[in-house]
Structure formats: structure tokens, C-alpha cells
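Listed here are the chains, written in short residue letters.
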Amino acid sequence: MNTVTTLRESLKNGIVHFTYKKVNGELREAYGTTKQEFAGDDFETPKGLREPRPNLVTYWDVDECGWRSFKEENFVEILD
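Residues numbered from 1 in each chain as written. Predicted model: local features only at pLDDT ≥ 70, side-chain atom pairs only at ≥ 80, totals over all residues. Heavy atoms only, no water.

1. Topic: the pattern of salt bridges
- The full count for this structure, using the stated rule, is four salt bridges.
- Between glutamate 26 and lysine 22 there is a salt bridge, with the nearest N and O atoms lying 3.9 Å from each other.
- For glutamate 26, a relative accessible area of 45% puts it in the partly exposed group.
- Exposure remark for lysine 22: the relative accessible area of 32% places this residue in the partly exposed category.
- Where aspartate 61 meets arginine 28, a salt bridge forms, and the shortest distance between an N and an O atom there is 2.2 Å. In this pair, aspartate 61 is assigned in strand β3 (residues 56-61) and arginine 28 in strand β2 (residues 27-33), connecting sequence segments 33 residues apart. Each of the two residues, aspartate 61 as well as arginine 28, counts as buried. (Salt bridge = Lys/Arg side-chain N within 4 Å of Asp/Glu carboxyl O. Buried < 20%, exposed > 50% of the residue type's maximum accessible area, 1.4 Å probe, protein only. Helix = DSSP H or I, 4+ residues; strand = E, 2+ residues; numbered from the N terminus.)

2. Thoughts on the nonpolar core
- Within the largest apolar cluster, 12 residues are counted, these being Val4, Leu7, Leu11, Val16, Phe18, Tyr20, Ala30, Val57, Tyr59, Phe70, Phe75 and Ile78.
- Elements supplying a minimum of two residues to this core: α1 (4-13), β1 (16-21), β3 and β5 (75-78).
- Not counting residues within four places of it along the chain, the set of residues in contact with valine 16 comprises Leu7, Ser10, Leu11, Ala30, Tyr31, Gly32 and Ile78. (Core = buried A, V, L, I, M, F, W, Y, C linked by side-chain atoms within 4.5 Å. Contact = heavy atoms within 4.5 Å.)

3. Remarks on unusual backbone geometry
- Non-glycine residue cysteine 65 carries a positive phi angle of around 50°.
- As for its placement among the helices and strands, cysteine 65 is situated in the loop between β3 and β4 (66-71).
- Judged by its relative accessible area of 40%, cysteine 65 falls in the partly exposed class.

4. Some words on α1
- Turning to α1, its buried residues number three or more, namely Val4, Leu7 and Leu11. Angular distribution of buried residues about the axis of α1 spans 55°; they occupy a single face of the element. Opposite the packed face of α1, turned more than 90 degrees from it, sit the exposed residues Thr5 and Asn13.
- On its buried face, α1 sits against β1, β2, β3, β4 and β5. (Arc of directions from axis to C-beta.)

Laid out in C-alpha cells, this is it:
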């Protein structure tokens, strides 16, 4: 099952390799997590804390050391 629900659960448990479509139409390949211990000391709370938006997937990009997000409908797949 390769769904947004699976992605969200996987992000909570570790680093996930996945793809999604960016706003400009390009495919973005990412390694991300929402589990602080995998991000190290650089992991910080997203700026401008507000109520979570249920249609967005927010994750810590381990390559870029920063928070990223994308719309659920732009999720493509978990790669490995």
C-alpha cells in the first residue's frame, strides 16, 4: 500500500525515500522524516507554528536540513 497514510506513518518512524510533484510540475525525490532523533541537532520546529493543514504533508528534509511540505494529491510514491 503506497498511500499518503503509509508515508505519514513511515515518516514518524524514520527516514523515508519518496517522490512528489512540485508546484512547477517537476518531480522531487526526497529523503525525509518527522522523527527528531534522525535529524540530529539541526531539527527545529517549523517557523510560524499554526494549526496543521490536513491536506499538506510536512517533513524534515534530511539532505537540505530544513522543513518542506507538499499537497497530498502531489504524492507519487515511496521509493525504498
